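Coordinate analysis (summary)
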Amino acid sequence: MKIITTISEMYDHSDRLREQGDRIGFVPTMGFLHEGHLSLMRKAREENHALIVSIFINPTQFGPDEDYDSYPKDLESDASLCREVGCDVLFTPGADEMYPQGTLTTVSVAGLTETLCGASRPGHFDGVTTVVSKLFNIVRPHMVYFGLKDYQQYRVISRMVQDLNMNIRVIGLPTVREEDGLAMSSRNAHLYNDERAGALTLSRSLDAAREMIREGIRDPRAIEKKVAGIIESESTNRIDYVSVVNADDLTPLSSIERRALLAMAVFLGDTRLIDNTVLEISGD
Ligand code: AMP
């Protein structure tokens, strides 16, 4: 596995791959890799001639009071996990390499970014779409792999690729969870014991919501209320948002007709976790 840190070397490498007709699969990450990341990498490995993974903790997607400085890092362990999965290139540019003169250009997706995490993290998605565009231009992948754990991010990036005719296939893959249901996240490393216990209410509340759908409940507010109650039953937890929205355009819903997204963000102490599920009404 090659480790590349400069944009010029990454361009040259991708040029060579494309010249020899290789299909490039790409998994962008912020590192501190876990099974969630590895599931994307394994799928990309299967479906492409070359697998490129990036690790870049992008400063422009963090707000001033967020955890950019304390975001967990372990490049050595990440590199050996990438090797094990059969990654061809690990691209790890520094912030100076990616933003040598800041940036005057922003890629911004309207609408889809105005709700959920977009509402509580102003500027976050502009940071994401701008850096992902840069990474796509540098790596020039054919296929890119994103986790549905970040459902809104997946929708936003899919729409950006479509609107800007990027000629890239965006694949969304299911959330990988710990055995007890907690969605894997690099940020889980920051949880203290009591917070780790409190964090279980997130996946438990998703189960409860799915159960309500099975019981025939279609009122988004009733589901939000039940879910919020479960999360707030633990004193470690502070809700940022709990919302049931249209699963396609993320707009508010007054009744669940077919497919809805239940999404949440919850603070456990200083650590903010997100989780979601798609609530589907079966046709029978
Ligand atoms: P991050 O390093 O958190 O920016 O995540 C990089 C990619 O991994 C994104 O596409 C995430 O959606 C995906 N990802 C993170 N956690 C999980 C998980 N538990 N299951 C599946 N994909 C995940």
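Residues numbered from 1 in each chain as written. Predicted model: local features only at pLDDT ≥ 70, side-chain atom pairs only at ≥ 80, totals over all residues. Heavy atoms only, no water.

Backbone-to-backbone hydrogen bonds pair the strands of a sheet. The strands run either parallel or antiparallel. With respect to topology, six strands assemble into an open sheet ordered β1-β4-β3-β2-β5-β6, the strand pairing being parallel. Only two strands of the sheet have a single neighbouring strand rather than two, namely β1 (2-4) and β6 (169-173). Strand after strand, the sheet turns through a mean of 25° between neighbouring axes, direction not considered. With respect to the sheet, helix α1 (residues 7-19) is in contact with β1, β2 (24-29), β3 (50-55) and β4 (89-91), its orientation differing from that of β1 by roughly 135°. (Pairing = 2+ DSSP bridges. Helix = DSSP H or I, 4+ residues; strand = E, 2+ residues; numbered from the N terminus. Axes fitted to C-alpha atoms, helices over the stretch in contact; angles between N-to-C directions. Contact = heavy atoms within 4.5 Å.)

Right, let's get into empty space enclosed by the protein. A complete count under the given rule lists two cavities of 30 Å³ or more for this structure. In this structure, the largest cavity encloses a volume near 870 Å³. As for the largest cavity, its lining consists of 48 residues, and the residues nearest its centre are Met30, His37, Lys149, Asp150 and Gln153. Counting residues per element, the ones that place at least two in the lining of the largest cavity are β2, α2 (35-47), α5 (116-120), α6 (124-139), β5 (143-147), α7 (151-163), β8 (259-268) and β9 (271-280). Looking at which element gives the most residues to the lining of the largest cavity, the answer is α6, with six residues. (1 Å grid on protein atoms, 1.4 Å probe; cavity = no way out; pocket = protein on both sides within 12 Å on 5 of 7 lines; lining within 4 Å. Points joined across faces, edges and corners; volume = space filled by probe spheres on them.)

Turning our eyes to something else, we now look at the site of the ligand. Close contacts around the ligand come from 17 residues, with Met30, His37, Asp150, Val176 and Met184 the closest. Contact between the ligand and Met30: an oxygen atom at 2.9 Å from a main-chain N or O atom of the residue. Gly147 is positioned such that a nitrogen or oxygen atom in its backbone is 2.9 Å from an oxygen atom of the ligand. In this structure the site holding the ligand corresponds to the largest cavity. (Near = heavy atom within 4 Å. Polar contact = N/O pair within 3.5 Å; in protein donor to acceptor, adjacent residues only side chain to side chain. Sits in = over half its atoms within 2 Å of the grid points.)

This part is about the side chain of Ser205. The residue Ser205 is located in helix α8 (residues 193-214) in this model. Its relative accessible area of 0% is what places Ser205 among the buried residues. If we ignore the near neighbours within four places in the chain, the residues touching Ser205 are Val227, Ile230, Ile231 and Met264. (Buried < 20%, exposed > 50% of the residue type's maximum accessible area, 1.4 Å probe, protein only.)

Right, let's talk about the domain arrangement of the protein for a bit. Examined at the domain level, the protein breaks down into domain 1 (2-173) and domain 2 (186-278). Placing a centre on the C-alpha atoms of domain 1 and another on those of domain 2 gives a separation of 26 Å. If you look at the interface, domain 1 gives 21 residues, while domain 2 gives 19 residues. Between domain 1 and domain 2 the total buried area reaches about 1,700 Å² when both faces are included, carbon and sulfur atoms providing 56% of it. Area buried by domain 1 at its contact with domain 2 is led by Leu116, Lys149 and Tyr151, which between them contribute 36% of it. On inspection of domain 1 and its partner domain 2, the count reaches one salt bridge. Measuring nitrogen to oxygen at the nearest pair gives 2.7 Å for the salt bridge that ties Asp67 to Arg187. The tally of links from domain 1 across to domain 2 stands at 11 residue pairs in polar contact (both at pLDDT 80 or more). (Domains from an automatic or database assignment. Buried area = accessible area lost by both parts, 1.4 Å probe. Salt bridge = Lys/Arg side-chain N within 4 Å of Asp/Glu carboxyl O.)

Right, let's get into α7. For α7, with 13 residues, the first-to-last C-alpha span of 18 Å sits near the 18 Å given by 1.5 Å per residue. Every buried residue of α7 is listed here: Tyr151, Gln152, Gln153, Tyr154, Val156, Ile157, Ser158, Met160 and Val161. For α7, the secondary structure elements touched by its buried residues are α5, α6, β5, β6, β8 and β9. (Expected span 1.5 Å × (residues − 1).)

Quick look at the environment of Ile3 now. Mapped onto the elements, Ile3 comes out in strand β1. As for Ile3 and Glu178, which are separated by 175 residues in sequence, their C-alpha atoms are 29 Å apart. If near-sequence neighbours (up to four positions away) are discounted, Ile3 is found in contact with Ala79, Arg83, Leu90 and Thr92.

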